[in-house]
Each structure stands twice: as structure tokens, then as C-alpha cells.
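Structural overview
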Protein chains: 2
Amino acid sequence: MDKVRVIEIKKSVFEDNDRDADRLRAELKSKGVFLLNVMSAPGSGKTTTLIRTINALKSKLGIAVMEADIDSDVDAVKIAQATGVKSVQLHTGGMCHLDAEMTRQGLDGLDLREVDLAILENVGNLVCPAEFDTGASANCMILSVPEGHDKPLKYPLMFTVCDLVLINKTDVMPYFDFDLEKCKEYIAMRNKNAEVIPVCAKTGEGIDKFADWIVRKVSAQKAL
Amino acid sequence: MDKVRVIEIKKSVFEDNDRDADRLRAELKSKGVFLLNVMSAPGSGKTTTLIRTINALKSKLGIAVMEADIDSDVDAVKIAQATGVKSVQLHTGGMCHLDAEMTRQGLDGLDLREVDLAILENVGNLVCPAEFDTGASANCMILSVPEGHDKPLKYPLMFTVCDLVLINKTDVMPYFDFDLEKCKEYIAMRNKNAEVIPVCAKTGEGIDKFADWIVRKVSAQKAL
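In this text, all values refer to a predicted model and were calculated from it rather than measured experimentally.

This part is about helix α2 (residues 46-57) of chain B. Helix length check: α2 of chain B (twelve residues) gives 16 Å between terminal C-alpha atoms against 16 Å at 1.5 Å per residue, within 8%. For α2 of chain B, the full list of buried residues reads K46, T47, T49, L50, I51, T53, I54 and L57 of chain B.

Structure follows, in C-alpha cells:
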């Protein structure tokens with residue numbers, strides 16, 4: 001399975017993205033689908049983290065993945081090969097983010113029957129994706145240790161809109177000046193409700209906690 | 001010197017950014033100022049690299065720095081304290097890039113007399129800044145080892161518009177699966193004229209080569 005479907009995303013025609021996002025969220029909820037929007041800077045380890053997490057969850061949940069990228073099909077192929085779950089590649093055609101209508105185009109390319117959890121891997125960018133509600137049930141962002149603990153100071157909106165922050169690449173903590181407690185403090189300044197889970201996608205450390213968090217959220221939405 | 005001027009950048013009113021950028025480039029050239037636009041993803045080490053490089057160059061060139069950030073004054077203060085050169089902080093007010101008119105607002109906040117080299121540290125983002133000509137004499141981007149060697153495949157325009165790519169954080173190469181030769185190959189696919197210099201801002205490795213590159217470019221512009 002080294003070929004995945006590629007969807008060329010068109011620019012949205014909707015003017016009111018917030019309303020469209022609320023509509024999409026309600027539709028997905030009625031179908032029993034929990035949409036998780038995963039954001040981060042380039043190279044923070046989104047795809048590797050997702051592969052580990054999907055493999056930990058796929059016996060419990062029906063999962064489908066949308067990989068957004070400006071160009072290239074690298075990530076969707078990787079996900080499909082490493083996990084076997086349904087995966088589509090979304091080409092944003094140079095666009096720096098996804099909004100609700102663009103997310104809907106991706107979802108339309110997936111068969112959502114028997115899917116409990118749809119994951120959107122957003123474009124690697126700490127600025128623009130934070131500005132657009134995708135219709136997701138929850139937002140998660142990955143900050144990797146080499147990027148530094150000051151990022152919540154510099155990209156405030158990203159940390160404000162996220163329900164969960166994963167601190168990835170904890171294995172290289174000894175080689176970088178990364179202060180985890182200070183980072184948690186800066187995150188809380190932006191969003192005191194944001195949960196923080198340190199993980200290492202390479203070694204698997206903390207992935208069980210991320211998987212548990214997802215299961216809890218998916219169950220909570222189904223119970224509503 | 002722990003206070004630096006902060007400029008709140010306003011949205012541009014010019015419709016034709018390319019023409020405006022050409023105009024700014026010509027104006028700067030006539031004043032003997034070389035403008036270097038430095039771009040990268042968040043956390044790739046732009047500020048640390050600039051501090052090292054400015055300290056290596058400040059006896060040879062008159063230097064001024066503009067630090068663009070969505071929020072926070074962390075970087076301009078750092079630069080001013082560590083190098084003593086003129087530094088201003090540009091707040092983009094949530095905007096994900098700078099264009100020529102926004103760059104001009106920053107330059108207006110600097111005294112350019114006796115300045116040979118003005119450096120613009122752009123917003124940390126591999127997507128949007130690549131789309132807007134700032135009027136710079138040259139574009140440089142920093143890719144750090146932890147981000148991975150596949151980034152030229154995923155952010156093609158950024159590598160297409162850059163004259164120079166610095167590969168930073170070479171000291172942590174042993175802890176990451178980073179293939180330097182493959183990375184150079186991918187960069188060449190996007191832009192066969194782009195030069196590549198591996199550096200380590202932490203240890204100073206390669207900074208002399210980057211400084212030499214800048215001196216060559218500044219001299220070449222003055223000689224034209």
C-alpha cells in the first residue's frame with residue numbers, strides 16, 4: 001500500500017468560517033466522528049507521533065487520517081504504510097492553513113463509516129492554522145524540545161486555541177536548553193485549561209498518555 | 001541596554017507588492033544599504049545565529065537589525081544586549097509575514113546612516129514569508145537539523161526564493177536522522193543556485209563562512 005489518494009484542495013467560498021466550522025462539528029458529532037486537528041511547526045514530529053499513537057489506538061477505535069501539505073505525498077504514504085489505516089493527502093496548493101470548508105473537502109474523500117476518530121494533520125505552521133476553526137472536536141499542538149520553551153510567548157494564539165500541547169522529542173532534552181516547567185508556565189499564561197503531555201515519538205515515551213487522552217475525549221463526545 | 005523600540009506594523013495599502021519591493025531595493029542600494037531577509041521555521045535558531053554572525057561582522061560593517069514577531073520583544077532585546085548594534089522590534093499584530101511596505105515601516109524606525117547591512121529577522125514560518133518580496137537584496141533561510149532533511153520537499157517555495165540555506169544545529173546531528181547530502185540534493189531540486197552552509201550557532205562552527213558570504217554580497221552590491 002504505497003499509493004494514497006491525493007486531493008487538491010480548493011479555496012473556500014464561504015465567508016463565515018466560524019459558522020461553517022460549527023456546522024461541520026455538529027454534522028460529525030451526529031455521525032459519531034471525533035475530529036482531532038493536530039498542528040505544529042515544521043519538523044516537530046507530527047507524522048511520527050501520529051504513527052505511534054494510531055498503532056496504539058487502532059484496535060480500540062476506527063481511525064482515518066488527512067495529511068495536509070503544500071506539496072508532496074510523503075506523509076500520507078508513511079501513515080498508510082506504517083499503520084494500515086485510511087489516509088488521504090490534501091494538497092493545499094500553497095495555502096498556509098486549512099479552514100472548515102477545506103477540511104470538509106478532505107473528509108468527503110474519506111469513507112467515514114466505522115470511523116470514530118478522524119485526524120487532520122494541519123500544515124506545519126504556528127501562525128495561520130491557529131486563526132481558522134477547522135470544525136474539529138479538539139485542537140492539539142506539538143511543540144518539540146529543539147524549538148525552545150519560549151514558543152508560547154512568540155506564537156500566543158496557537159497555544160490559546162489548543163486543548164492539548166504535546167512536548168515532543170523529550171529524548172534530546174539533555175542536548176538543548178529546554179525548561180519544561182517554564183514552558184508549562186508560559187502555556188498556562190495563554191490557556192490555563194490546556195493539558196500538557198511530554199512525549200517522545202521516537203522511543204514511544206508518553207504515547208500511552210496521549211492515546212488515553214484521545215480515548216477519553218472520543219468517549220465523552222459519544223456520551224453527549 | 002535592555003529597552004528597544006517596538007514598532008506596531010500596519011497592514012500594507014499597496015496592491016502591487018512586487019513593484020513596491022523593487023522600489024525599496026533600489027532606494028536601499030542608492031543609500032549603500034544591503035538588506036538581508038532571514039527566514040526559518042519557529043525555533044530553528046535565527047536569533048542565536050544572528051548574534052554570533054553580527055559579533056563576527058560588526059568591526060567590518062555598520063549593522064542594524066529588525067526583529068519581526070507576532071508578539072513579544074524577546075528577540076530585539078537579546079540582539080541589542082548581545083551585540084550592541086541598533087535593533088528594533090516589529091510587531092506584526094498577528095500577521096504571518098512581512099511584505100515590502102511593512103519592511104519599510106521597520107526601516108523608517110532605524111537610523112540608516114553608517115549602516116552597510118540591515119538584517120530583517122522575518123516571522124518564524126516556512127510558508128507565508130516566502131510568498132512576499134520584502135525588498136531585500138538577498139534571502140537566506142535557516143533549516144535546523146532536528147526539523148529533518150525532507151523540508152525542501154514540503155515547503156518548496158521557501159527553498160526556491162532563497163540565495164543561501166544555513167543548516168543549523170549541526171552539533172546534534174548524531175541524535176537525529178538527518179542526511180546532509182540528501183538535504184543538499186532536495187535543496188538543489190528547488191533552486192540549483194542556492195548555496196548551502198552548515199553552521200552551529202551554539203558552538204560557532206561555520207559562522208565564519210556565513211560572515212564571509214555576507215561580506216562578499218555587501219561588497220558586490222556596493223561595487224555595482
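A few words on the nonpolar core. With 91 residues, the main nonpolar core has L90 and I167 of chain A together with L90 of chain B as its most contacted residues. Ignoring any residue separated from it by four or fewer positions in sequence, one finds L90 of chain B in contact with I7, I9, M66, E67, A68, D69, L98, G106 and L120 of chain B.

Here we take up the packing of helix α1 (residues 17-30) of chain A against helix α4 (residues 100-108) of chain A. Residues and elements named next belong to chain A. For the pair α1 and α4, interaxial distance at closest approach is 8 Å and the crossing angle is 35°. In this structure, α1 uses N17, D20, A21, R23, L24, E27 and L28 to contact α4, whose residues at the interface are A100, E101, T103, R104 and L107. Partitioned by chemical class, the residues of the contact of α1 with α4 number five nonpolar, two polar and five charged.

Further remarks concern the side chain of H91 of chain B. Note on placement: H91 of chain B falls in strand β4 (residues 86-91). Apart from the residues lying within four places of it in its own chain, the contact partners of H91 of chain B are V6, I7, E8, I9, D69, I70, D71, S72 and D73 of chain B.

The phi dihedral of K169 of chain A is positive, around 65°, even though this residue is not glycine. Along the chain, K169 of chain A falls in the loop between β7 (164-168) and α7 (180-190).

Looking now at the relation of the copies chain B and chain A. When chain B is fitted to chain A, the best match, at an RMSD of 0.0 Å, comes from turning it 180° and sliding it 0.0 Å along the axis. Those values place the two copies in the arrangement expected of a two-fold rotation axis. Across chain B, the rotation axis passes nearest the C-alpha of N125 of chain B, at a separation of 3.0 Å. When you check the interface residues of chain B against chain A, 100% turn up at the interface there too, and the contact is symmetric in its surfaces.

Residues and elements named next belong to chain A. Among the secondary structure elements, G45 is positioned in the loop between β2 (34-40) and α2 (46-57). By relative accessible area, G45 is classed as buried at 17%. Setting aside residues no more than four positions away along its own chain, G45 makes contact with I142, N168 and K169.

Before going further, it helps to examine the pairing of strand β5 (residues 117-121) of chain B. Residue and element names in this part refer to chain B. Counting buried positions along β5 yields five of five residues, so the element is predominantly enclosed. The side-chain alternation of β5 yields two buried faces, one formed by L117, I119 and E121 and the other by A118 and L120. In this sheet, β5 lies alongside strand β2 (residues 34-40) in parallel orientation, the contact comprising five bridges. Bridge pairing links L36 to I119 in β5. In this structure, strand β3 (residues 63-69) lies alongside β5, joined through five bridges in parallel fashion. Counterpart to I63 in the pairing with β5 is L117.

What counts, and at which threshold
Residues numbered from 1 in each chain as written. Chains lettered and ligands numbered in written order. Predicted model: local features only at pLDDT ≥ 70, side-chain atom pairs only at ≥ 80, totals over all residues. Heavy atoms only, no water. Helix = DSSP H or I, 4+ residues; strand = E, 2+ residues; numbered from the N terminus. Expected span 1.5 Å × (residues − 1). Buried < 20%, exposed > 50% of the residue type's maximum accessible area, 1.4 Å probe, protein only. Core = buried A, V, L, I, M, F, W, Y, C linked by side-chain atoms within 4.5 Å. Contact = heavy atoms within 4.5 Å. Axes fitted to C-alpha atoms, helices over the stretch in contact; angles between N-to-C directions. Nonpolar A, V, L, I, M, F, W, Y, C, P; charged D, E, K, R; others polar. Least-squares fit on C-alpha atoms with pLDDT ≥ 70 in both. Pairing = 2+ DSSP bridges.

The values are spatial; any link to function lies outside them.
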